[in-house]
Amino acid sequence: MTRIFFNEVATRDGFQIEPAFIDTDAKIALVDALSDCGYAKIEVTSFTSPKAIPMLRDADEVMGRIRRVPGVEYTVLVPNLRGAERALEAKADELNLVMSTSETHNLANLRMPMAISFAALSEVIQRVDGQTPINVSLSCSFGCPMEGDVPQANVLGWVERFADLGVRGVTICDTTGMAHPAQVNRMVEALQQRFAQLQLTLHFHNTRGMGLANVLAAVQGGITRFDGSLGGLGGCPYAPGASGNICSEDAIHMLDEMGYDTGINLDKLLAVARQMPQIVGHDVPGQVAKAGRVTDLHPAPEFVNELRQGAS
Ligand code: COA
Ligand code: ZN
């Protein structure tokens, strides 16, 4: 059975676009509940500027107070050296560095050109010096909502630069749900041909309903690592039109049914997912938490039983 590794990003990507502040205790309780569900990794928060992402201004406290379950990696998003210092101080298990493959989105999201981001992140990698594993998330890798097409060759070029600096992994992000399955096929094939030594993760948003189709394309192309967000929350506040990530429990349910080993206890996960509307104060896009698993059957209507008895 092929093992699939899930990284839960609800408390980072999921929460960063929410309009109403989510209490620090609620964030910690959610991470602690997720820690018991079987995730390979949880992206707990981001060490970004509290002015840029006010929702995650409590990142240091959250990282300090979560319960660490052995076997689960607790990662954090880092945009610059200041963020890296905070992440090391917080004893994150991984630093997830971020930059965009679109100049316009990089300027909007990180307030600097890509070249300056790359220089800053290179400095972070030097500073970390192998103490903590590093992943790099490349935003807008399947298209930018402001620039349009992002050539695959450009994305591969950034992956190569970071691979040359010795990072452990790279996440290819479809920040505003522009990818389609044929494009994912091409990207995954090229990535695996050139960067088989890297941990490759795919990060999809369901902005145009193509999220699970893209997961399927990636998994059939041999990708075994995915980001997902409980309830399907999420989005970058600096990418116009952004909306939720692929819904973790929906993706995990699909892969479980198909016979993949996700390592996740889906019953526990669904119980946590059903708390999401209350935590964020509104309905969430996830479907399996509402519909139940395909194995959760309904009783037949009484008249069907009567028809059956009449027929016998
Ligand atoms: N953690 C905490 N504070 C930070 C910080 C960090 N990693 N980086 C910068 N700051 C603070 C500075 O101390 C400064 O504070 P002050 O105004 O009180 O002096 C302020 O933020 C501005 O610093 P500056 O270096 O000029 O940053 P900037 O305004 O050019 O913003 C980023 C650059 C990268 C810090 C900011 O755009 C950011 O955090 N972006 C993240 C966006 C994001 O997470 N998007 C969603 C994920 S894809
Ligand atoms: Zn995202």
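Everything below is about the structure printed above this text.
All figures in this text were calculated on a predicted structure; none of them were measured in a lab.

J.: I would appreciate a short explanation of the site of ligand 1 in the present structure.
T.: As a matter of local geometry, ligand 1 sits amid 20 residues, with S49, K51, N80, R86 and N109 nearest to it. Contact between ligand 1 and R82: an oxygen atom at 2.9 Å from a side-chain N or O atom of the residue. The backbone of G83 places a nitrogen or oxygen atom 3.2 Å from a nitrogen atom of ligand 1. In isolation ligand 1 offers 920 Å² of accessible surface; the protein chains occlude 69% of this area. Contributing elements (two or more residues each) for the shell around ligand 1: α1 (10-16), α4 (81-89) and α5 (103-110).

J.: Would you mind showing me how to read the state of the cysteines here?
T.: Cysteine pairs can be covalently joined through their sulfur atoms, and such a bond is termed a disulfide. Scanning the model with the defined rule gives 0 disulfides in all. Just so you know, C236 is unpaired, no disulfide at all, and the nearest cysteine sulfur is the one on C140, 7.5 Å from it.

J.: What am I meant to see in the coordination of the zinc ion (ligand 2) here?
T.: Coordination angles at a metal have ideal targets, namely 109.5 degrees for four tetrahedral donors and 90 or 180 degrees for six octahedral donors. Surrounding the zinc ion (ligand 2) are the protein donor atoms D13 (OD), H203 (NE2) and H205 (NE2), which sit 2.0 to 2.1 Å from the metal. Linear spacing of the donor residues for the zinc ion (ligand 2) on their chain is D-x189-H-x1-H. The same class applies to H203 and to H205, which are both buried.

J.: Got a minute to help me understand the sheet that holds strand β4 (residues 94-100) in this structure?
T.: Hydrogen bonding along the main chain pairs the strands of a sheet, whether they run parallel or antiparallel. Pairing within the closed barrel is parallel, and its 8 strands lie in the order β1-β2-β3-β4-β5-β6-β7-β8. Each strand of the sheet is rotated relative to its neighbour by a mean of 25°, with strand direction disregarded. Direction of pairing for strand β6 (residues 169-174) relative to strand β7 (residues 199-204): parallel, over a ladder of 6 bridges. Residue pairing across strands places D174 opposite F204, the latter belonging to β7. Running at roughly 125° to β4, α5 makes contact with β4 and β5 (134-139) of the sheet.

What counts, and at which threshold
Residues numbered from 1 in each chain as written. Chains lettered and ligands numbered in written order. Predicted model: local features only at pLDDT ≥ 70, side-chain atom pairs only at ≥ 80, totals over all residues. Heavy atoms only, no water. Near = heavy atom within 4 Å. Polar contact = N/O pair within 3.5 Å; in protein donor to acceptor, adjacent residues only side chain to side chain. Areas by Shrake-Rupley, 256 points an atom, 1.4 Å probe, with all protein chains shown as cover. Helix = DSSP H or I, 4+ residues; strand = E, 2+ residues; numbered from the N terminus. Disulfide = S-S within 2.5 Å. Donors = N, O, S within 2.8 Å, 3.2 Å for Na, K, Ca; no water. Buried < 20%, exposed > 50% of the residue type's maximum accessible area, 1.4 Å probe, protein only. Pairing = 2+ DSSP bridges. Axes fitted to C-alpha atoms, helices over the stretch in contact; angles between N-to-C directions. Contact = heavy atoms within 4.5 Å.

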